[in-house]
Amino acid sequence: SDGAFSQCRNLNVVILSDNVQTIGGKAFHSSAIEILDIPFPNVYIGNEAFSNSTLRTINYNGTKAEWTMHVGSGDIFCTDHQIQVFCTDGRILIE
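Bear in mind that the values here come from a model prediction, so they are computed numbers and not experimental data.

Student: In this structure, what is going on with the overall build of the protein chain? I would like to understand it.
Tutor: Helix and strand content of the protein chain: 1 helix and 7 strands. What you see for the protein chain is a C-alpha radius of gyration of 12 Å, in line with the 12 Å of a compact globule of 95 residues. Dimensions of the protein chain along its principal axes, counting C-alpha atoms only, are 30 × 30 × 20 Å. For the protein chain, the proportion of its 95 residues judged to be buried stands at 40%. Taking as baseline every contact in the protein chain between residues at least 6 positions apart, the subset at least 24 positions apart corresponds to 34%.

Student: Looking at this model, I keep getting lost on unusual backbone geometry. Mind explaining?
Tutor: A negative phi holds for most residues other than glycine; trans holds for most peptide bonds. The backbone of Ser 30 shows a phi angle near 55°, a positive value even though the residue is not glycine. For Ser 30, the location among the structural elements is in the loop between β2 (22–23) and β3 (35–38). Owing to a relative accessible area of 12%, Ser 30 belongs among the buried residues under this scheme.

Student: How should I be thinking about the sheet that holds strand β1 (residues 13–15) in this particular structure?
Tutor: Note: strands within a sheet are paired through backbone hydrogen bonds, in either parallel or antiparallel orientation. The 5 strands are arranged β1-β3-β5-β6-β7 in an open sheet whose pairing can be described as mixed. Of all the strands in the sheet, just β1 and β7 (90–94) have a single pairing partner and so form its edges. Within the sheet, the average angular offset between the axes of one strand and its neighbour, ignoring direction, is 15°. Inspection of the sheet shows strand β5 (residues 57–60) paired to strand β6 (residues 83–87) by 3 bridges, in the parallel sense. Bridge pairing in β6 links Thr 57 to Gln 84.

Student: Where do I start with the pairing of β5 in this structure?
Tutor: Working note: regular strand, side chains alternate between the two faces of the sheet. In the sheet, β3 pairs with β5 via 4 bridges, with the strands oriented parallel. Across the sheet, the residue bridging to Ile 35 is Thr 57, located in β5.

Student: Would you explain the nonpolar core in this entry?
Tutor: Nonpolar side chains in soluble globular proteins generally cluster together in the buried interior. Counting residues in each nonpolar core, the largest one holds 25 residues, and the members touching the most others are Ile 23, Leu 36, Ile 38, Phe 50, Ile 58 and Trp 67. Contributing elements (two or more residues each) for this core: β3, β5, β6 and β7. Here this core gets 3 residues from one element, more than from any other, and that element is β6.

Student: So what exactly am I meant to see when it comes to the side chain of Ser 31 here?
Tutor: On the secondary structure map, Ser 31 appears in the loop between β2 and β3. Classification of Ser 31 by relative accessible area gives buried; the value is 1%. When sequence neighbours within four positions are dropped, the list of residues in contact with Ser 31 reads Phe 5, Gln 7, Cys 8, Arg 9, Asn 52, Ser 53 and Thr 54.

The rules we used
Residues numbered from 1 in each chain as written. Predicted model: local features only at pLDDT ≥ 70, side-chain atom pairs only at ≥ 80, totals over all residues. Heavy atoms only, no water. Helix = DSSP H or I, 4+ residues; strand = E, 2+ residues; numbered from the N terminus. Rg over C-alpha atoms; globule rule 2.2 N^0.38 Å. Buried < 20%, exposed > 50% of the residue type's maximum accessible area, 1.4 Å probe, protein only. Contact = heavy atoms within 4.5 Å. Pairing = 2+ DSSP bridges. Axes fitted to C-alpha atoms, helices over the stretch in contact; angles between N-to-C directions. Core = buried A, V, L, I, M, F, W, Y, C linked by side-chain atoms within 4.5 Å.

This is the structure in structure tokens:
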């Protein structure tokens, strides 16, 4: 849900289960998350879900085309550092 893990300072690695289909807006806003594993390609990520977080790496079990189609990079991240998305067919760098 929106803001679910906002400002969680002890949360570093998140591995989503297969039945999670949505990451709410500002879900990890200002959290200490560094690594996110998304084991399925059809996930919706709400606005500013990772804004001001320390997220650096996303392991995405889908292709780069699926990432662009389903997730993209729009207003999801709102951060001042790079995030690497590792897809099944290569890497995407979000700046």
